[in-house]
Amino acid sequence: MSATSAPGAVATAPSQPGTPQRDRPGPPSGRRPRSVKRLLVYALLTLGLLVMSAPFLWMALSAFKTPGELTASPPVWIPTEWTLDNFRDLLDKLDLPLHFMNSVIVAVLVTVSNLVFCSMLGYALAKLNFAGRDKIFGLVLGALMVPGNLMLLPLFVLMSKMRLIDSYAALVLPFAAGAFGVFLMRQFMQSIPDELLEAARMDGAGEWYIFWRIVMPLVKPALATLSIFTFLGSWNNFVWPLIATNDPDKYTLPVALATFATDPNKAGGSNGMLMAGSFLIVLPVLVVFIALQRHFTQGIATAGMK
């Protein structure tokens, strides 16, 4: 009984025994080299990560080592006997809570002031039309090209004339607003549609309301990015606090630890205490970065799309 084929169907003859079969097409020839290239990239990135993180891991682990393990040869990476003696000795010989609080006060005040003032100036340069706006932005770009160390002497003379040496004001006011922060906020705020702000103005909203209630919530990634950079720079600042403070009670943590390391009567060549102090300096920065990591990565990604 013959089978009927549907209209328009093409009949294919069954393959006969002994008839050579065509090989099915294999995977694209470029897939394997591409995967090998990806593996090489991952290997190089992993190697770079290990090289960059090795000093930090050594410092963090050395803070919990005994004096014998610190001077062992060959070096011991992971402590066999975890101890907190280095932290106890550091607390006994250095007023760590005082200097830690000094660093927290200065870093927080500098960060908050940068968020407020840089956002205000960035909003004005991005969304307000006034005479000389482009010239002011040019001055901001020019300030980015001036080395920071070049301003140390003028700042010291200014703080001395204002009788602010050995005070928190001398540590905060010179860094209350930065050119980088203004540039960053201005670039982010330019991406906000002008139609949105015009609609708010037509509804009777003032510039202060628009800035705080509309613009600031939209630039949270930029604020997080600026917070991390500003807090990191202020927390690790060493040269200016060393110049602007003569009273040991006003020393920030990096300055106090550096003077402690150079005093043979206190440090006594103890690398364990220095590693413990360095670990305590780095710890707050890691906490801030982890807390704002999501906004930070979002801000970097958004900046790359502009």
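First things first, this report covers the structure right here in the doc. (Residues numbered from 1 in each chain as written. Predicted model: local features only at pLDDT ≥ 70, side-chain atom pairs only at ≥ 80, totals over all residues. Heavy atoms only, no water.)

## Things to note about the nonpolar core
Here comes step 1: Ranked by internal contacts, the top residues of the largest apolar core, which has 24 residues, are Tyr123, Met185, Met189, Leu197, Ile210, Val215 and Val219.
Here comes step 2: When residues of this core are traced back to their parent elements, those giving at least two are helix 4 (96–127), helix 5 (133–144), helix 8 (179–189), helix 9 (194–202), helix 10 (207–218) and helix 11 (220–235).
Here comes step 3: The residues contacting Tyr123, other than those within four sequence positions of it, are Leu128, Met189, Leu197, Arg201, Glu207, Ile210, Phe211 and Val215.
Here comes step 4: Counting 22 residues, the second-largest nonpolar core is a separate cluster that includes Leu90, Trp235, Tyr251 and Ile281. (Core = buried A, V, L, I, M, F, W, Y, C linked by side-chain atoms within 4.5 Å. Buried < 20%, exposed > 50% of the residue type's maximum accessible area, 1.4 Å probe, protein only. Helix = DSSP H or I, 4+ residues; strand = E, 2+ residues; numbered from the N terminus. Contact = heavy atoms within 4.5 Å.)

## Some points on unusual backbone geometry
Here comes step 1: We note that Arg163 has phi near 55°; this positive angle belongs to a residue other than glycine.
Here comes step 2: Examined against the element boundaries, Arg163 turns out to sit in the loop between helix 6 (152–161) and helix 7 (168–172).
Here comes step 3: Looking at Arg163, the relative accessible area reads 77%, which means it is exposed.

## Some remarks on the side chain of Arg186
Here comes step 1: Counting through the fold element by element, Arg186 comes out in helix 8.
Here comes step 2: Buried within the structure, Arg186 lacks any salt-bridge partner; its nearest side chain of opposite charge belongs to Asp134, at an N-O separation of 5.5 Å.
Here comes step 3: Side chain to side chain, Arg186 and Gln187 meet in a polar contact 2.7 Å long.
Here comes step 4: When near neighbours in sequence (up to four residues on either side) are disregarded, Arg186 contacts Gly122, Leu125, Ala126 and Phe137. (Lys, Arg positive; Asp, Glu negative; His and termini not counted. Salt bridge = Lys/Arg side-chain N within 4 Å of Asp/Glu carboxyl O. Polar contact = N/O pair within 3.5 Å; in protein donor to acceptor, adjacent residues only side chain to side chain.)

## Concerning a nonpolar patch on the surface
Here comes step 1: Among the surface-exposed residues, Leu283, Leu286, Val287, Phe289 and Ile290 lie close enough to one another that they form a single nonpolar patch of about 420 Å² accessible area.
Here comes step 2: Within the secondary structure layout, Leu283 lies in helix 14 (residues 271–291).
Here comes step 3: A residue is classified by how much of its surface remains accessible, and Leu283, at 35% relative accessible area, is partly exposed. (Patch = residues over 30% accessible without salt bridge, like charges linked within 9 Å, V, L, I, M, F, W, Y side chains within 5 Å. Areas by Shrake-Rupley, 256 points an atom, 1.4 Å probe, with all protein chains shown as cover.)

## A look at the packing of aromatic side chains
Pairs of aromatic rings are described using the distance from one ring centre to the other and the angle between the two planes.
Here comes step 1: Counting across every chain of the model gives 14 aromatic pairs.
Here comes step 2: A centroid spacing of 5.3 Å and a plane angle of 45° characterise the contact between Phe64 and Phe87, whose relative ring orientation is tilted. Of this pair, Phe64 sits in the loop between helix 1 (31–62) and helix 2 (67–70) while Phe87 sits in helix 3 (residues 85–93); the two residues are 23 residues apart in sequence, bridging distant segments of the chain.
Here comes step 3: Look at Phe87 and you get buried, because its relative accessible area is 14%.
Here comes step 4: Summarising the aromatic geometry, the rings of Phe175 and Trp240 are spaced 6.5 Å apart at their centres and angled 75° between planes, so their arrangement reads as edge-to-face. Here Trp240 lies in helix 12 (residues 239–244) and Phe175 lies in the loop between helix 7 and helix 8, a separation of 65 residues in the sequence.
Here comes step 5: In this structure Trp240 comes out as buried when scored by relative accessible area, which is 1%.
Here comes step 6: Taken together, Phe64, Trp82, Phe87 and Phe279 form an aromatic cluster joined through their ring pairs.
Here comes step 7: Cation over ring: Arg186 sits above Phe137, and NZ or CZ is 3.9 Å from the ring centre.
Here comes step 8: In this structure, Lys250 packs its charged tip against the face of Tyr168, placed 5.9 Å from the ring centre. (Phe/Tyr/Trp six-rings, centres within 6.5 Å; stacked < 30°, edge-to-face > 60°. Lys NZ or Arg CZ within 6 Å of the ring centre and 35° of its normal.)

## Some details on the pattern of salt bridges
Here comes step 1: One pass over the structure, following the stated rule, counts five salt bridges.
Here comes step 2: Where Arg201 meets Glu198, a salt bridge forms, and the shortest distance between an N and an O atom there is 3.1 Å. Of this pair, Arg201 and Glu198 both sit in helix 9, separated by three residues, roughly a single helical turn.
Here comes step 3: For the salt bridge of Arg201 with Glu207, the shortest nitrogen-to-oxygen distance reads 2.6 Å.
Here comes step 4: The exposure class assigned to Arg201 is partly exposed, which follows from its relative accessible area of 23%.
Here comes step 5: On the basis of relative accessibility, which here comes to 32%, the residue Glu207 falls in the partly exposed class.
Here comes step 6: One salt-bridge network, in which partners are shared between bridges, spans Glu198, Arg201 and Glu207.

## A look at the packing of helix 4 against helix 10
Here comes step 1: Two numbers describe how helix 4 lies on helix 10: the axes approach to 12 Å, and their chain directions differ by 105°. In terms of orientation, helix 4 lies roughly perpendicular with respect to helix 10. Within the contact between the two elements, helix 4 uses Ser119, Met120 and Tyr123 and helix 10 uses Glu207, Trp208, Ile210, Phe211, Trp212, Val215 and Met216.
Here comes step 2: The class makeup of the residues in the contact of helix 4 with helix 10 is eight nonpolar, one polar and one charged. (Axes fitted to C-alpha atoms, helices over the stretch in contact; angles between N-to-C directions. Parallel < 35°, antiparallel > 145°, perpendicular 65-115°, else oblique. Nonpolar A, V, L, I, M, F, W, Y, C, P; charged D, E, K, R; others polar.)

These figures capture arrangement, not role.
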